[in-house]
Structures are given as structure tokens and as C-alpha cells.
Amino acid sequence: MYSPLATSQTMLTRAEVASLVALAARTVPPLWPLDSAIAVNPLAGFEDRPFADAVTQAARTFGARESLPLAAWRQVYAQGRIGERELRDAAMRQLGGCYEAMANIAPGVMAIDLLMARLVQIEPACTETRASGLAPDAAFIAKWCAAYFNSNIAATPIPYRELGLYRCVLALAAHDPQFRDLAGERGTQLLLAVPRDPFEAIAEGLAERGSDEDALDHLGALVARLPGWAGHIRWRCEHADSDRVAGAPAAMADLLALWVLLERADALSSPPGRVTQGPAPEALARHFGLDTAALDAARTERLAAIAALDDDALGAIFMAAAESTYANTLLLRLEASARTSASDARPAAQLVMCIDVRSEPFRRRLERTGDYETFGYAGFFGLPMALQPFGEQGRKRLLPVLLSPRHDLVEAPAGGDEAAAGARRIAADGERDERANDLFATAKLGAASAFATAEATGPVAALSMLARTLAPTVSARAAARRARRRAETLAPVLDPCADETTGGFRLADKIGYAAALFQLTGMKARTARLVVLAGHGGSAVNNPYASALDCGACGGHAGGSNARVLAAMLNDPAVREGLAARGLEVPADSHFIAAQHDTTTDRVEIFDRCRVPDTHREELAALERDMAAAAATNRAWRAQLLSRAPGDLFAGSVHWGEVRPEWGLAGNAAFLVGPRQWSADIDLEGRAFLHSYDWTADPSGEALTTILTAPMVVAQWINCQYLFSTVDNERYGSGDKVTHNVIGGIGVVQGNGGDLKVGLPRQSLFDDEGAPFHVPQRLLTVVLAPLDRVKTVVEQNDILARLFGNGWVQLVVVDPETGKALRWRENGAASPEGTSITSLIC
């Protein structure tokens, strides 16, 4: 059927091409779908480079900005979030040190004066140019990706889908006028001639190209042209359950083969890029009234070098100053409280909450209402599990995306005839709703029935919209009642079934996961009478990014189910016996309760109340009163940050027109590893991840290794997503929510098509006036532990050596005996002491 257009000499074997494609795919990180949206570092593929080099290289690859525009940094500076001294110090480092900064340019004018004027006084003269929207070739491939991957809900699925993305497009592109306009006659002939195997097509294209450019660099650049769709393909290939991608095979080779096809048809556009330029030296000289003709060669060179700094370079100085401002304030307080010891008295109750930055202000306010002790632990509570919800299709992975589920649980009636009857009603309601939704979707998408459906359902939809607009809390209360009824009726089943077709937990597993809570957090076995394990989730409607407000450690889902499972384990007498055998004797009168903290409203829902012993109900009632009080004060504080009344947070959580129900993790800046009493008296302003840790209970460093290689890495992903989404919201974020369109539940695009957006929306990072709410800065990890122990852990783990050594995360160790803070030295940095860790110099 097909005949070759021309004979091409293939230079690489199929295996060699497959290797190149696998490496090129790493240019972009996986992009999770909206129902489990979790934070990833958009520059994860560059983490093997030093941070500054990686940012520059990635900016070239993606056509992105390296830093916030100068005007935005000045807004942050004017708000007092960057100290003047820290900015001046950062400017001096940029100039090469004190001596170079104090060098005279003219009488009374030093180099530092010029640079400070560029930073805070002189109007930005840098010009920036970059194309808006996608080039025609990228728009063509993005369109076919959308058609191919969106077919699960399309009324008329795309044909030839089973052939794979590349072969499907080959079969259909000849009928696409856009392809004929783009690729011309040569493109039409290539459709018949190119190999049907994507690897062979890539090999042939590389051979025909005959360029000196490294093949891997070339393929990586092509992957980066559509980072959203490329990231979606990586998720499908590396992380998706098979049932979610069945019937539509697609790999990175398919995407690259399409790019190579366009390249061979001479339809490839220039790569995305941006050009920036600083002001002329004369303009800088005029600001100081200098006569450039009167300057000698050395001074002229200094002036020109400072004038040549563009927005990206000036922004890097501001970011360094922002990091120092934050670190200087925080570390002094942490040094002062390093030797604070915990009380041995048994508290009235204990709460274990997620390390999420949103838990910290709630914990601090609860601690002030009574005799309560709180702990920070990864929100999936150490349980590598997936859950099949009752009456739903597909399982939810309730664990960090870096892990794979080891236990598949099902949700079932909690026990008794009443629960069974309730479950039947829930199942019947679910089937009825599903049938109605299927019928509506089919009618809405059908070519013949779409208009009739709109006519028939329009009045009903209008009434529904009015109700959601004028009385959003009414429908929200009904939804909350259904959710409570479901939680009271159904519960995760912990034990495996008799034939072990469901992978529940054996007794040894339960004991191990229960023991890990104590080992990783430093929690003493002599627990309080009430111990609450609180997962968390957010509340938002009509929000494609709703799952981004849930728990990242639970794969973008709420963490209540994980809390219920671990609480059930810890209340199991057989597990208590197993813990006692390990030296963890939990008091017989301790009862563990599962809960879920709503980070949007600060309400805390208690699960499984029916299992709380009568002897503990009065204490639970007192705890709930105090949690309600803490929630009220926390809402008032958060409402100020959102510039609204506290009561508006409830309305915003259920209003379909709300674009910012909460600030999420905006502002995140630090990851603290140590006992709670270390930071309990410090207002961390909801900017710190808190992981509890007791170095005295971890002589081998095993717990510290786990904390730094798992929860801290997740925090670094979150930090980098917020950082880069703020720096360049168009390239690394997702732009304005108002113009988002959801594609097939897998992502959003801007307007009516294009690439999947890879990061956070603008409303999650900037206030209504356009000023950055989130200050882009790298994660500061602070560990309270002996220096030698931390050093050993870091040097024995490549991922930690890379993150700390390349400056992606800044590490500070606070010695628990002396209270002295020491900073991990980045690779290549000067070290007067000649060791890996140097004295802290802020």
C-alpha cells in the first residue's frame, strides 16, 4: 500500500533510538490528571545540574523566564518581605564581594550604588520579546493529542485509536486541511512513505537530518515544545493503572515521531525563545550624572557589566535576598529554642496531622487552647495503599506518587444490618446518578441531540445555577449530609479476603505500620487517652484543580481513609500486643480516633464515632470544642490573607464562581525536622512543613533517612512547583483560571486548545492586584540533630547529595547540644573551613 518517498540511510538501530527517546523523555516530568493533581517540579529533568545553571538551561529549552519581572520583585520588596540589608548583601555577592562592590566608578559613586539603583530605583529598561500562543506545528500536534486522549468521553471516538497515537494521526492527517497547509505536498507524500513504527520513523528522520546537533539534545528539545502533552504521556506510561489507558496506546516515541514527520516536511518552526536586553550604559550613567567619556577603561567596564544585567539576573539577586531574609529570621529563633525539652506529663489529648504547611497554624492555635500535644507526619500515615470506593469504578492511589500500592483495600459496609441497608441505598443512588449522567453526556455530545438537550435542560440548569449562586450553602449542606452518611455507613476493609484476592494487611504489616508512627515521629508509646489521627482535604466546587488542595502525600486525595485505617490498626488488641513485643507499650486506656481537617473551612470531621468508648466521650467532646475554637481563630487569620470576612470562607468553599477558595500551599518556604517543642513558640505563618522527629530515638539515622528521602522530596516538588509557576506563570504555570477549558478530565488548556498546562493557576499565586502572594524561593530544610548523623545520611543517599549539593534545597543543621546552626555547602562553593558543612553566614 505504501511506497517510500526517498531512500534514507538509517544510522541508528531501533534499540539505540529507544534509548535516546527514553532519555529525551526526562526533559519533562510526568503530568498527573486532574482527579489526582499533585505537585511536581517542572524542572525535575534538570536536577542533575546546579540550580542556577538548570534554571538558565530550562529557560532556553522552554522559552521561559528565569525569574519574576523586576517590577514584581519591587512589589515584594516594598511590602517589606525582603530586607534592605539582605538585598544589599546579595548585590555585593553578585559583584564578587565587598572589595569589588566598593570599587569607585566616579567620585562618590561605587559599583554597589549602581547595582542598587538598577534593583530598586531605575525604571526597568529591559525589553522582552517572545511569541504568544503556539506555533502552527505545535498547534497541529496539540490538536491531535487532544482528540486522541480525549476520546474516552467524546460522543464519536476518534477512529484508529487502537493503532497508537502516531499511526492514528498518520491514518487521518491526509484528511486534515491544517496538515496540508502546514506540510504541503511533501508532507502528504511522507504520510505514505514514512515507517509505521515510530522508532524507525525517528531513526530515519535523524539520519535524514544529518545535523551536527546531538541527537539526544534535539529530541529533548522536541519533547519540550509541548511539555503538557509530553508529561501526560509520561504519566500514562509510568504511573497510570492499566485500565485507565487501555485501548489507546501512546508513548513518547509516538509524540516524537510526529515531530520528526513535520521536520522532514520542512514544517518545523523555530523553537520557542525570548530575548531580553538591559539598558545602555549611558542610561545608567545619566542616572548618576556621570560622564562616560571621563571614565577609564576599568570603570567603563564595571559600569557596562552592571548595565548589561537583565531582569533575570536582577531577579536572581532579589530571590537570594528573599531567601536570606526568611532564613535570618527563622534560624535565629530555632537556634534559641534548640535546647527546649519536652514535658514528661501525659497530655489531655494528642493530634497527629499531616506535615502540610496548612496544618501548622491550626496546630499552634489548638495547642494554645488546652493541654494538647501535636505531631507532624506524612499525610498518608505511612500506608502504601489503594482503595476501591464502594460503588465506584477504579481505585484511588492513596500514597505518594513515588511509591506503588502494596495493599489494595475495598470500601464496604461498616457492619450490622443498618449499615448494609445504607450501603444498598448508596449503591442504588450511585447507579441512578451514573445512568442519568451517561444519558445526559450522550445526548449533550451527540451531533443530532445536542441542541434538543440544551433546549430541554436549559431551564433546569438555569434554576440550578441560580440556586448555587444565591444560596450555595443550601446545596452544600445536603452534600455534607450525604458525605457524613457515607462515612458512617462505609469503611475501608483492612483484612485480606480469604482467597487473598484483595491485598489487605496481615498482622505483621499492621504492627509494622503502627510502629513506624512512633519511630518516625518520635512519639512516645505512653500516649494520651485520646489520640487523633487527622488527614486533610480541601473544599472547592467547579474547580479543575480541586484535588490540588487535597493531600499530596495521598496522591492528590483527601487523607481521611488513611487515618481511619491506621487508627483501626492502633486500636486492634493484637497490634497492641505486637507493639509491646517491640518495646512500644501503648496504655490500655488510649483510644485512637480518625479525623479529617478541611483546610478550606478549618472544620475537623471525626470518623467512626460509634467506636469511641463511653469512657472517652466526654474528653472527645471537650477536644471538639477546643478544635472548633482553634478553627475559628485560624479562619479569622486566613481570611485576612484573602482580604475577606471569615464567614466568606464557608461560602467560597461551596460557591461555583469562587476562583480562590484558599491560598493552598502558597508561601511555603521551609521543612523543619525535629520535635514540636523546638518550634512550638514560633509563629511560622503557615509557611513550614513540620515533620516530627526525635534524634535521641534514632541512633542509626534510619528514621531521618526516611524523612529526608521521602516527605522532604515531596515538599521539594511542591516548593519548586510554586516557585516556577510564580516565576513564569505562562510557561510553568497554567495562567488565568477564567479562561481554562478542561479536556477529558486529564488537564486544562487556555482557550479552545493547545498544550496541557503544567502548573498552578495565576489565582493560586498572585493577589487580585497582580502582586505575588507567593514569594519564589527555594526550600529551606532545617534539621535538629547531631551534625555527624546528618552528614552521614546525606552522603549515603545520592538524591540528597544531589538536591543539597546542587542547591535545589538549602540544608541547615541545628546542633541539639550547642544550638549552633550549620549550613550545608553547595558543590563548588568556597569553604574557608574545608569541610562539607560550614558555619552559618547570613
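Every value quoted in this text rests on a predicted model; they were computed, and no experiment measured them.

Draft legend 1. Looking closely at the overall build of the protein chain. Counting its regular elements, the protein chain contains 31 helices and 21 strands. Residues counted as buried form 52% of the 842 residues belonging to the protein chain. In the protein chain, the share of contacts with a sequence separation of at least 24, taken over all contacts with a separation of at least 6, comes to 73%. Only carbon and sulfur atoms are counted for the fraction: they give 53% of the accessible area of the protein chain, which is about 36,300 Å².

Draft legend 2. Quick look at the packing of aromatic side chains. Under the counting rule described, the total for this entry stands at 14 aromatic pairs. Between F51 and W808 the ring centres are 5.1 Å apart and the planes differ by 85 degrees, which places this aromatic pair in the edge-to-face class. Residue F51 is located in helix α2 (residues 51-62), and its partner W808 is located in the loop between α31 (798-805) and β19 (809-814); the two are separated by 757 residues in the primary sequence. W808 matches F51 in its accessibility class, with the two residues each being buried. Aromatic pair F149 and W229: ring centres 5.7 Å apart, planes at 20 degrees, arrangement stacked. On the criterion of sequence distance, the pair formed by F149 in helix α7 (residues 136-149) and W229 in helix α12 (residues 227-238) is long-range, its members being 80 residues apart. Here F149 matches W229 in class, with each residue buried.

Draft legend 3. Spatial organisation of the pattern of salt bridges. One pass over the full model with this rule turns up 39 salt bridges. With a shortest N-O distance of 3.9 Å, K510 and D572 are connected by a salt bridge. Separated by 62 residues along the polypeptide, K510 in helix α22 (residues 507-521) and D572 in the loop between α23 (560-570) and α24 (573-581) bring together distant segments of the chain. The class of K510 is buried, set by a relative accessible area of 8%.

Draft legend 4. Region of the structure containing the sheet that holds strand β10 (residues 490-492). As summarised here, the arrangement of the 4 strands in space is β8-β7-β9-β10, forming an open sheet in which the pairing is mixed. The open sheet terminates on both sides in strands that have one partner only, identified here as β8 (396-398) and β10. Each strand of the sheet is rotated relative to its neighbour by a mean of 30 degrees, with strand direction disregarded. Two elements, strand β7 (residues 385-388) and strand β9 (residues 407-413), share 4 bridges in a ladder whose sense is parallel. The residue of β9 that forms the bridge with A386 is D408. Where α23 meets the sheet, it contacts β7, β8, β9 and β10, and its direction lies at approximately 70 degrees from that of β10.

Draft legend 5. How the structure looks around the pairing of β7. Pairing between β7 and β8: 3 bridges, direction antiparallel. Note on β8: the bridge partner recorded for M385 is L398.

Draft legend 6. Representation of helix α30 (residues 787-795) within the structure. What α30 keeps buried is the set R789, V790, V793 and V794. The buried residues of α30 all sit within an arc of 130 degrees when viewed along its axis, so they share a single face. Here the buried face of α30 lies against α28 (702-709), β18 (779-784), α31, β19 and β20 (821-824).

Draft legend 7. Quick peek at the state of the cysteines. A complete count under the given rule lists 0 disulfides for this structure. C554 provides the cysteine sulfur closest to C551, a residue in no disulfide bond, and the two sulfurs are 3.7 Å apart. Looking at C551, the relative accessible area reads 1%, which means it is buried.

Draft legend 8. Main features of the nonpolar core. Core analysis: the biggest nonpolar cluster contains 203 residues, and I202, L533 and L579 have the highest contact counts within it. Excluding residues that lie within four positions of it along the chain, L579 makes contacts with I511, A514, A515, F518, L570, L584 and V586. W678, I682, L690 and V814 belong to the second largest nonpolar core, which has 20 residues in total.

Draft legend 9. Structural view of a positive patch on the surface. Judged by side-chain charge, R425, R477, R481, R482, R484, R485 and R603 come together as a positively charged surface patch. Here the positive patch gets 5 residues from one element, more than from any other, and that element is helix α21 (residues 472-489). Note on placement: R485 falls in helix α21.

Draft legend 10. Structural view of the confidence of the model for the protein chain. For the protein chain, the mean per-residue pLDDT works out to 89, and 89% of the residues sit at or above 70. Ignoring residues within four places in sequence, the model shows residues 1-5, a span with pLDDT below 50, making 9 contacts including any to other chains. Considering only residues more than four positions removed or in separate chains, one finds that residues 832-842, a stretch of pLDDT under 50, has 27 contacts.

Draft legend 11. Main features of the sheet that holds strand β6 (residues 372-377). Read across the sheet, 5 strands follow the order β6-β5-β11-β12-β13 without closing on themselves; strand pairing throughout is mixed. The open sheet terminates on both sides in strands that have one partner only, identified here as β6 and β13 (604-606). Strand-to-strand twist of the sheet, defined as the mean angle between neighbouring strand axes without regard to direction, takes the value 25 degrees. Where strand β5 (residues 349-354) meets strand β11 (residues 530-537), 5 bridges bridge the pair, whose relative direction is parallel. Note that in β11 the partner of A349 across the bridge is L530. Sheet contacts for α23: β11 and β12 (591-598); angle to β12, the most-contacted strand, approximately 170 degrees. Relative to β13, helix α25 (residues 617-641) is tilted by about 165 degrees, and along the sheet it contacts β5, β6, β11, β12 and β13.

Draft legend 12. Representation of the side chain of D698 in the model. Inspection of the secondary structure assignment puts D698 in the loop between β15 (688-691) and α28. An unpaired buried charge is present at D698: no salt bridge exists, and R789, the closest side chain of opposite charge, is 5.0 Å distant. Polar side-chain contacts of D698 include one of 2.7 Å to the side chain of Y693. Setting aside its immediate chain neighbours within four residues, D698 contacts Y693, A703, L704 and R789.

Draft legend 13. The environment of I158, seen in detail. Residue position: I158 is located in the loop between α7 and α8 (165-172). Along the sequence, I158 and C168 sit 10 residues apart, while their C-alpha atoms lie 8.6 Å from each other.

Draft legend 14. Spotlight on α8. In terms of burial, α8 is a largely internal element, 6 of the 8 residues being buried. Restricting attention to buried positions, one finds in α8 the residues L165, Y166, C168, V169, L170 and L172. Looking at the buried positions of α8, the neighbouring elements they touch are α7, α9 (177-193), α10 (198-209), α12 and α14 (252-264).

Draft legend 15. Structural context of the pairing of β19. With 6 of 6 residues buried, β19 lies mostly within the body of the structure. Burial along β19 is two-sided: V809, L811 and V813 and Q810, V812 and V814, pointing in opposite directions, are all buried. Both β18 and β19 contribute to a ladder of 6 bridges, which runs parallel. Residue pairing across strands places L779 opposite V809, the latter belonging to β19. When β19 meets β20, the two strands line up antiparallel, connected through 3 bridges. For V813, the partnering residue across the bridge sits in β20 and is L822. Here β19 folds back onto β20 in antiparallel fashion, the turn holding 6 residues, of which G819 has a positive phi close to 75 degrees.

Conventions adopted
Residues numbered from 1 in each chain as written. Predicted model: local features only at pLDDT ≥ 70, side-chain atom pairs only at ≥ 80, totals over all residues. Heavy atoms only, no water. Helix = DSSP H or I, 4+ residues; strand = E, 2+ residues; numbered from the N terminus. Buried < 20%, exposed > 50% of the residue type's maximum accessible area, 1.4 Å probe, protein only. Contact = heavy atoms within 4.5 Å. Areas by Shrake-Rupley, 256 points an atom, 1.4 Å probe, with all protein chains shown as cover. Phe/Tyr/Trp six-rings, centres within 6.5 Å; stacked < 30°, edge-to-face > 60°. Salt bridge = Lys/Arg side-chain N within 4 Å of Asp/Glu carboxyl O. Pairing = 2+ DSSP bridges. Axes fitted to C-alpha atoms, helices over the stretch in contact; angles between N-to-C directions. Arc of directions from axis to C-beta. Disulfide = S-S within 2.5 Å. Core = buried A, V, L, I, M, F, W, Y, C linked by side-chain atoms within 4.5 Å. Patch = residues over 30% accessible without salt bridge, like charges linked within 9 Å, V, L, I, M, F, W, Y side chains within 5 Å. Lys, Arg positive; Asp, Glu negative; His and termini not counted. Charge placed at Lys NZ, Arg CZ, Asp CG, Glu CD. pLDDT = per-residue confidence, 0-100. Polar contact = N/O pair within 3.5 Å; in protein donor to acceptor, adjacent residues only side chain to side chain.

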